[in-house]
There are 4 protein chains.
Amino acid sequence: MLINLHDYEAAAEARMEPGAWAYYSSGVGDEVTLRANREAFARIRIRPRMLVDVSTCDLHTTVQGIPVTMPILIAPTAAHCLAHPEGECATALAAGEAGTLMTASTSATRSLEEIATAATGPFWYQLYVDHPLEDLTDRSFSESLVRRAEAAGYRAIVVTVDAPRFGVKEREERAQFEMPEGLSMANYPGDLETEPASLTWNDIAWLRSLTSLPIILKGILTAEDAVLAVEHGVDGIIVSNHGGRQLDCVPASIEALPEVVAAVNGRCEVYMDGGIRRGTDVLMALALGARAVLIGRPVLWGLAVDGADGVRRVLHLLRDELEQAMALSGCSTLASVGAALVKLP
Amino acid sequence: MLINLHDYEAAAEARMEPGAWAYYSSGVGDEVTLRANREAFARIRIRPRMLVDVSTCDLHTTVQGIPVTMPILIAPTAAHCLAHPEGECATALAAGEAGTLMTASTSATRSLEEIATAATGPFWYQLYVDHPLEDLTDRSFSESLVRRAEAAGYRAIVVTVDAPRFGVKEREERAQFEMPEGLSMANYPGDLETEPASLTWNDIAWLRSLTSLPIILKGILTAEDAVLAVEHGVDGIIVSNHGGRQLDCVPASIEALPEVVAAVNGRCEVYMDGGIRRGTDVLMALALGARAVLIGRPVLWGLAVDGADGVRRVLHLLRDELEQAMALSGCSTLASVGAALVKLP
Amino acid sequence: MLINLHDYEAAAEARMEPGAWAYYSSGVGDEVTLRANREAFARIRIRPRMLVDVSTCDLHTTVQGIPVTMPILIAPTAAHCLAHPEGECATALAAGEAGTLMTASTSATRSLEEIATAATGPFWYQLYVDHPLEDLTDRSFSESLVRRAEAAGYRAIVVTVDAPRFGVKEREERAQFEMPEGLSMANYPGDLETEPASLTWNDIAWLRSLTSLPIILKGILTAEDAVLAVEHGVDGIIVSNHGGRQLDCVPASIEALPEVVAAVNGRCEVYMDGGIRRGTDVLMALALGARAVLIGRPVLWGLAVDGADGVRRVLHLLRDELEQAMALSGCSTLASVGAALVKLP
Amino acid sequence: MLINLHDYEAAAEARMEPGAWAYYSSGVGDEVTLRANREAFARIRIRPRMLVDVSTCDLHTTVQGIPVTMPILIAPTAAHCLAHPEGECATALAAGEAGTLMTASTSATRSLEEIATAATGPFWYQLYVDHPLEDLTDRSFSESLVRRAEAAGYRAIVVTVDAPRFGVKEREERAQFEMPEGLSMANYPGDLETEPASLTWNDIAWLRSLTSLPIILKGILTAEDAVLAVEHGVDGIIVSNHGGRQLDCVPASIEALPEVVAAVNGRCEVYMDGGIRRGTDVLMALALGARAVLIGRPVLWGLAVDGADGVRRVLHLLRDELEQAMALSGCSTLASVGAALVKLP
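Just so it is clear, the structure is predicted and the values come from calculations on it, not from any experiment. (Residues numbered from 1 in each chain as written. Chains lettered and ligands numbered in written order. Predicted model: local features only at pLDDT ≥ 70, side-chain atom pairs only at ≥ 80, totals over all residues. Heavy atoms only, no water.)

Okay, the interface of chain D and chain A next. Counting residues at the interface gives 31 residues for chain D and 38 residues for chain A. Buried surface at the junction of chain D and chain A, summed over both partners, amounts to about 2,800 Å²; 55% is from carbon and sulfur atoms. Ranking the residues of chain D by area buried against chain A places M50, L51 and L328 of chain D at the top, with a combined share of 28%. Here chain D is connected to chain A by nine salt bridges. One salt bridge in this structure joins R45 of chain D and E255 of chain A, with 3.3 Å as the shortest N-O distance. Our count for the contact surface shared by chain D and chain A stands at 18 residue pairs in polar contact (both at pLDDT 80 or more). The set of elements that each furnish at least two residues to the side of chain D that touches chain A consists of α1 (5–15), α3 (32–42), β1 (45–46), α11 (279–287) and α12 (297–328) of chain D. When residues in the side of chain D that touches chain A are grouped by element, the largest group, six residues, is from α12 of chain D. Considered class by class, the residues forming the side of chain D that touches chain A number 16 nonpolar, six polar and nine charged. (Contact = heavy atoms within 4.5 Å. Buried area = accessible area lost by both parts, 1.4 Å probe. Salt bridge = Lys/Arg side-chain N within 4 Å of Asp/Glu carboxyl O. Polar contact = N/O pair within 3.5 Å; in protein donor to acceptor, adjacent residues only side chain to side chain. Helix = DSSP H or I, 4+ residues; strand = E, 2+ residues; numbered from the N terminus. Nonpolar A, V, L, I, M, F, W, Y, C, P; charged D, E, K, R; others polar.)

Pasting the structure below:
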């Protein structure tokens, strides 16, 4: 019975090749942060209000001015073809059908143009800034990705800022996972060898000058960086610890959210990802100031179980849980979801 | 050996059909609140006073002016006939024999008139406000229930305010529980199809105008709603999270009790239900300001194990444990059970 | 290998009849306080001081002016003959040999006179104030016990104040424990039927007028009662929850100790029992203001394993652990064990 | 797969004789502090900064003016020959090759001169101050050790101050571990029988007068002692609980570090050991004010698994993890690792 996201997780694990499962599921180090991403929600309490008219609950909102039918977006994750042959194209199809927005990853196994073509709704482009092995300052390939994204109709650039290097996922290493024959990072020319660039705020300024698309920083976890982000003119921040996959022992995303929201103080939109599995998790994040949340692994689970249909079902399950949570906490609109709705531990 | 309520739980589970057990026992979502209802008591400490004359401990009190022999009432729960053929009639018989009061549920499997006839003590009526499928504002059936309750001798209307929709109990879903042939919601005409109404404070005003019976709101968890309840002239509040069955991640009832008591500030009676299994649990709730507690599932366990006798035994066990807890903490009367008796975590 | 008190516990359980073991080991209710008595120590931190001359550590002290070689006394516990045929006489022999003091229980299976004769060191008498079934106010039997204790050379009266009724130990009930043939409460005439009296402060005044022996109240857990105790002229207080056997959910003894010590403010001696198993536990209690600690169950374990030799060994093990803990925390005398030595959670 | 220090622990346990393993791995008492040394790290959160240029991270530092390539040193531990025939000589070889410093223990199974000869980098000498059985004040053997250390090129004297007696490791006792035939405390003449001296601050003054080498106190856990250490002119403090092997229930080293750092206030260098297993652990300690950390048991694990190569590998693994943690938290230099990088529980 697939009636919640945990069910999809178990079903996906049963279907996927163990190495690929390890690649998706593992966290860095001792997985302290991976676990914290879930455990932190169980310590927050929702303070529900009664006797409010919740005969209809309106979940529509906008992100960067783009209308979506719910404050639940698809986070960028790599290599969807590991889960399903249609890969990111199936995800893009499902996202629009579910009335929401997909963020396509630079590490997609379908090209950004293919994804754009398959999409039935709005989409954002997640950018890893790379450099060729021989020149740390060469940003030409990243620039070309931004240009291609603009041309293909992407509506924002989501720059991942927490990955100057990639975290070591030991479960993945022990599983000796290797990308299967025939799967490749489809946005990259076959002969291009790159490494992650150690981005700085200067790169954000450069990117700001490069494109008029909204720029969203993904991976901010502190008030200090949130202030700098605003000062550098970004349009959005995704509070994220990369699904517990970059640096272990950093805060759960939901733990870091309040200080970022307070520091931003309304000057740009703030989103969060990390550990969202239930409608009540979404409600807590919204109450703490997130404009929307993004889900990563659950989308892959839906994809592994049933392709685009699975992704759509996962999105619908979470949407329905959120609507139920809003109704039962006395919130008929997202505007009524405020800080008084939760009690922190 | 059936010497405490946990024993009755185990014995009831062993006797009941698994689907019906799932229906009774499950909570919503990940059951965070269901567990919290129990765990919260284990973090509170009783500060017992010594060398007080406790040769007799007086547990008599009144609720809404009605005398009861102990501050332990029967909470409304659905479908007692799942536990025993006599259903709510057996419960009503046992309640009076045990010197306390039963709250009959709108979702009873015996009609409110049958229950009233069987009762040997005072009884309250729990009202779910429904509306016919075609008209959200039609309150005529609810009005008829109130009139029937008045006519049958019910002494208060307990309005459930936390259920504009019903929570999804996944264990129940997985068990594919369906009400057995022959069991029906006995208060409803066979051809009536209704849905829960999304109640508002206006409905409370309407109800207030409809009946002179005391009105008690069940399901309040915040100080804000408690203040509104008092302002709307209600006579009592039951701090409750519906046994962890409506919205997950809301506070344990005992966690929410202090803020409600403080906000009410003596302007109406405050009760609580949720997780009460021991006399020390009752004592803690009383010390934190509850005038009485209500027990739900334990009554069903008693009923499943031994019908009316089982219910009476459950009530007696809990009464005896409370009396023992009062004696050993230096309280010979309920009036002496005050805030200094407990230390919150 | 019997190298710590936990080892003695396991060995005693292996040797004793299950019912008798249940009688000794069980706590009341859900055993929340029984567990808390141990768990609370693991949350306290010792702040050790270095570079102090600890080539010798002096553990000698006095309790009520009586010299003992260590601040570890024997708590009153019932029915030592369940553990060993010599019963309380073996315990009394071992206590003196180990250089400490035994508290004999009213519920002993050897008479207080036999115990006094067997003793090789000082001893106190623990008094349960009973009344005959027919007269709640008749204190004549208790008075006779005090007179007998005085005559037999007991040096203080330890009045248990937390037992106006006895707690229900469910594990004991399930084991259907009954006192074996031939074992009896040796201080009671065979035809005397009594019940615990619901003591009040007036009884303490009466007792004060009755005897010039020091009066120590056992079972105080709050600052309020500690103040009253001092005002009633008692000579000592044992902070105790009766080994988790009277009222569940009261504080661990070590949790309650600081408020009692602060309230007493040096006006009488304060001791504690409950959960002491390690020298570091004793050190924590001393640092928090206890003049000495008492151990109950560990004495019974020693007795069950090896009679008087086992009791002596248990006392020596704990004494050696305390001396080691003092040395390694920079305390060469008990006077140097102060509040700065510990950090509460 | 040996990809982290936990792997080395498991591999070493599998290879070593159980008694020797118990000797290395056990803690004192109930091992509360042994566990706390690890658990405390999991409650601290790293607050990572983004968009800092971390294309290179510089881990070089100095300790007592001695350059090392990373702030990870080798703590003194006894009897390396239990892990590998080359014993401390293999460790000394590996330390220098890994670019760091070894602290040789007085309880080494190779003489301090042999270790000095084998060393490829700088080395410190850990001193246990002993006295002959017959004369508690005779420091002549300790003086000779200091003179030998000076002559052999040791660069500092690390005085262990938390061992006026040795802690009782019960797992070791139960394993009935005895030093194998042929292994001996190589720094001691065969006929010398000594006992640990109960050091005082006077001994520190004496030592200060004896040598011009830097003096580092190992085993300080309180602000009070840290102040005294500074006042006695020491050059460094190692915050340590002796790997949980001396007094149980003292704070985890990382818990005690902040108060020592605050009390020292820059007047000498502060290091810490205890529970370091991950690069993130090192980063937390540095952020809380440690100039460097020392690792003990992990070195023995590496030695047991693969001699000098294993030690080098353990050091490299931890170094690489630290570099990764610095890069992913926005620290390109050790100077940028400050208090704002962590959040205490």
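Turning our eyes to something else, we now look at the arrangement of the chains. For the non-touching pair chain A and chain C, the nearest C-alpha separation works out to 17 Å. Kept free of each other, chain B and chain D leave a smallest C-alpha distance of 17 Å between them.

Pairing between side chains of opposite charge can happen when their charged atoms approach one another. What the rule picks out here adds up to 100 salt bridges over all chains. Linking D281 of chain A and R38 of chain A is a salt bridge whose minimum nitrogen-to-oxygen distance equals 2.9 Å. Of the two residues, D281 of chain A is situated in helix α11 (residues 279–287) and R38 of chain A in helix α3 (residues 32–43); the sequence distance between them amounts to 243 residues. We note a salt bridge from R47 of chain A to E224 of chain B, for which the minimum N-O separation is 2.7 Å. Here E224 of chain B lies in helix α9 (residues 223–231) and R47 of chain A lies in the loop between β1 (45–46) and β2 (61–63), a pairing that spans two chains. Residue class for R47 of chain A comes out buried when judged on its relative accessible area of 12%. (Buried < 20%, exposed > 50% of the residue type's maximum accessible area, 1.4 Å probe, protein only.)

Here we take up the state of the cysteines. Inspection of every chain in the model, using the stated rule, returns zero disulfides over all chains. Counting only cysteine sulfurs, C331 of chain A is the nearest neighbor of C249 of chain B, a cysteine outside any disulfide, at a range of 14 Å. (Disulfide = S-S within 2.5 Å.)

Function cannot be inferred from these measures alone, as they are strictly geometric.
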